[in-house]
Amino acid sequence: MGVKRLYIETLGCAMNVRDSEHIVAELTRKEGYETTDTLEEADLILINTCSVREKPVHKLFSEIGAFNKRRKPGAKIGVCGCTASHLGEEIIKKAPFVDFVLGARNVSKITEVLHRPGAVEVDIDHDESRYAFGDFRANPYKAYVNISIGCDKQCTFCIVPHTRGEEISIPAELIIREAKKAAESGAKEIFLLGQNVNNYGRRFSGDHPRVTFTDLLKMVSEIDAVERIRFTSPHPLHMDDDFLREFATNPKICKSMHMPLQSGSTRILKAMKRGYTKEWFLERAQKLREMAPGVTIGTDIIVAFPGETEEDFEDTMEVLERVRFEQVFSFKYSPRPLTPAKDYEGQVPDEVGSARLSRLQARHNEILDELKAQRLGEVHDVYFEELRPGGTVAGRSDNNLAISVKGSEELLGKTVKVRIVEPGRTAHRGEVVA
Ligand code: SAH
Ligand code: F3S
């Protein structure tokens, strides 16, 4: 029998990227699959879905319909991830050609559902916090390492707690073992992943000594082969002084922080159940900039949450102005099933939401243009991780600026001094400093 081929498409966040790596690892180790980029030659077609906003859900059905037409005879199609979790068997009802559905918290069952036609495994109480997945990394130079599964927050707009279930921390010794293995095989950058990383250690399954996220950061940084540590996403509420101090003073922790704001209005933050105020957020961001000079701050913002008035939106604009985020992911509020906010009064008309989003993005682009002038000529230590077409190699500075230079694969996996010669809004061109 020839090799079996797997085509896998991944949508959504870094956690989905890691889940897909786990799926590939399991299918390689236990079923002898190899990955392919050509859908038509695949024996198994998987789509790892995101359900955080509504648009990708619509896209899913048209996309799997297209997969169905292009698949070779006998090839299986599986739907995985967060949309699989919340739609469950509805997927097979709507698209009967789908062979199985595997939820975001059921990744370890992939080799089992593969052999059960019509299987729907979407149990959000399933605990795979101690499951030892096989090894597979899409990029050998940087390693995603999960530190928790699920999320215990109940942000009123967010479907994730309903697709990934309650939060359980992965035992620290498993994380350390994984980080060590990855770093020793060449991934000098370790990227710790969780929905709410700085809540780490609140609940383990089974007995486990107390370890906070700050402790975990220290432990990972003690691994010799690890040169850089990144993580996403921390929650602004849990950014205590201890955490900020460790972040600022540990030389292996990259100086780039994601601080998901969501809204600048304390009233809206309360309706979102985010647990912090505008003032708390501003104070933490300012403290972070003081403690870690050169730090870049990224954020997520939702506009037009139910009940958001012009005045609330102005609060968000004010936080944008004061923090001057280096990176902003901004979204128009999207009502999601199973979430309380979808039933709130004061749903904001779509055109109002679109206008606010445009205004926010336009102002942020101006801020990025202002920052560009300051970037010109800056010298950064860039860790190169990706070959690009046209003889270009791309990497990131310690503070997460995307920088590319002319070069070839010999730069991959190396950290080199680079001067920015052509700054951009989101990516910069540089030259290696001889
Ligand atoms: N805890 C995760 C959040 C995952 S969702 C993290 O901190 O990364 C990623 C982002 O999607 C959120 O920060 C939020 O800005 C956005 N988002 C979530 N639900 C949304 C909704 N219903 N409408 C619009 N944007 C949403
Ligand atoms: Fe969602 Fe809030 Fe958790 S945004 S993933 S419920 S921290």
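Residues numbered from 1 in each chain as written. Chains lettered and ligands numbered in written order. Predicted model: local features only at pLDDT ≥ 70, side-chain atom pairs only at ≥ 80, totals over all residues. Heavy atoms only, no water.

J.: Hey, could you go over the domain arrangement of the protein for me, with residue numbers and the actual values?
T.: The domain boundaries assigned to the protein delineate domain 1 (4-121), domain 2 (139-253), domain 3 (255-374) and domain 4 (379-432). Listed by partner, the interface residues are nine residues for domain 3 and seven residues for domain 4. Summing both sides of the interface, domain 3 and domain 4 together bury roughly 730 Å²; the carbon and sulfur share of this comes to 46%. By the criterion of area lost to domain 4, the three top residues of domain 3 are K255, L368 and K372, representing 49% of everything that side buries. Viewed at the interface, domain 4 and domain 3 are joined by one salt bridge. Linking domain 3 with domain 4 are four residue pairs in polar contact (both at pLDDT 80 or more), by the criterion used here. Looking at the side of domain 3 that touches domain 4, the element that brings in the most residues is helix α13 (residues 350-375), giving four residues. (Domains from an automatic or database assignment. Contact = heavy atoms within 4.5 Å. Buried area = accessible area lost by both parts, 1.4 Å probe. Salt bridge = Lys/Arg side-chain N within 4 Å of Asp/Glu carboxyl O. Polar contact = N/O pair within 3.5 Å; in protein donor to acceptor, adjacent residues only side chain to side chain. Helix = DSSP H or I, 4+ residues; strand = E, 2+ residues; numbered from the N terminus.)

J.: Give me the lowdown on unusual backbone geometry, citing residues and values where you can.
T.: For residues that are not glycine, phi is negative in most cases, and the peptide bond is trans in most cases. Cis geometry is adopted by the peptide bond preceding S233, which originates at T232 and carries an omega value of -15°. Structurally, S233 is set in the loop between β11 (228-232) and α9 (241-249). The backbone of K273 sits at a positive phi, close to 60°, despite the residue not being glycine. With respect to the helices and strands, K273 occurs in the loop between α10 (266-272) and α11 (278-291). Notably, N400 is not glycine yet its phi reads approximately 75°, a positive angle.

J.: Please give an account of helix α1 (residues 14-31) that cites residues and values.
T.: Over its 18 residues, α1 extends 25 Å from the first C-alpha to the last, a length consistent with the 26 Å expected when each residue adds 1.5 Å. Most of α1 is tucked away, with 14 of its 18 residues classed as buried. Phi turns positive one or two residues past the end of α1, at G32, with a value near 70°. (Expected span 1.5 Å × (residues − 1). Buried < 20%, exposed > 50% of the residue type's maximum accessible area, 1.4 Å probe, protein only.)

J.: I'd like a description of the environment of G118, backed by residues and values.
T.: Position of G118 among the secondary structure elements: in the loop between α5 (110-113) and β6 (119-121). The class of G118 is partly exposed, set by a relative accessible area of 41%. Placed 40 residues apart in sequence, G118 and G78 show a C-alpha to C-alpha distance of 9.6 Å. Every residue in contact with G118, bar those within four places of it in the chain, is listed here: I92 and D99.

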